[in-house]
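Here are the chains, one letter per residue:
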Amino acid sequence: MNEVRSVFLRITCPKCRHPHVIFSKASIEVKCRKCNYLLSKSSGGKTKIRAPVQEVVWN
Ligand SMILES: [Zn+2]
């Protein structure tokens, strides 16, 4: 897997399809605002995105 740079990811919640824009290096857990699904999880300094990425938004 490639190293993720400092970008914003446009993702869609796989559970309720609510759109989100999250920072790729967020060191905190990101939950869906609508259904509370865990979208992003930090483990060992790496961010795991648990949703399909629709678009990568470069700074
Ligand atoms: Zn959701």
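Above this text you will find the structure in question.
This structure is a prediction, so every number in the text was calculated from the model and none was measured.

Visitor: Which parts of the structure should I look at to understand the nonpolar core?
Guide: Nonpolar side chains in soluble globular proteins tend to end up buried together. The biggest cluster of nonpolar side chains holds six residues, and these are Leu9, Ile11, Cys13, Val30, Leu39 and Ala51. With residues near it in sequence (within four places) discarded, Cys13 still touches His18, His20, Cys32, Lys34, Cys35, Tyr37, Leu39 and Ala51.

Visitor: For this particular structure, what's the right way to read the sheet that holds strand S1 (residues 8-12)?
Guide: Either a parallel or an antiparallel arrangement is found when strands of a sheet pair, and the pairing is made through backbone hydrogen bonds. The three strands lie next to each other as S2-S1-S6, forming an open sheet whose pairing is antiparallel. Edge positions in the open sheet fall to strand S2 (19-23) and strand S6 (53-57), since each of these has one partner strand only. Each neighbouring strand pair of the sheet contributes to a mean axis angle of 25°, computed without reference to strand direction. Summarising the sheet, S1 and S2 pair through five bridges and their orientation is antiparallel. Among the inter-strand pairings, Phe8 is bridged to a residue of S2, identified as Phe23.

Visitor: Would you mind showing me how to read the sheet that holds strand S5 (residues 46-49) here?
Guide: Spatially, the three strands line up as an open sheet ordered S3-S4-S5, and their pairing is antiparallel. What marks the edges here is a single partner per strand, and that holds for strand S3 (30-31) and S5. Where S3 lies against strand S4 (residues 38-43), two bridges are found, and the strand directions are antiparallel. Along S4, the bridge assignment pairs Val30 with Ser40.

What counts and what doesn't
Residues numbered from 1 in each chain as written. Predicted model: local features only at pLDDT ≥ 70, side-chain atom pairs only at ≥ 80, totals over all residues. Core = buried A, V, L, I, M, F, W, Y, C linked by C-beta atoms within 7 Å. Buried ≥ 20, exposed ≤ 12 C-beta atoms within 10 Å, placed from the backbone. Contact = placed C-beta atoms within 7 Å. Pairing = 2+ DSSP bridges. Helix = DSSP H or I, 4+ residues; strand = E, 2+ residues; numbered from the N terminus. Axes fitted to C-alpha atoms, helices over the stretch in contact; angles between N-to-C directions.

The values are spatial; any link to function lies outside them.
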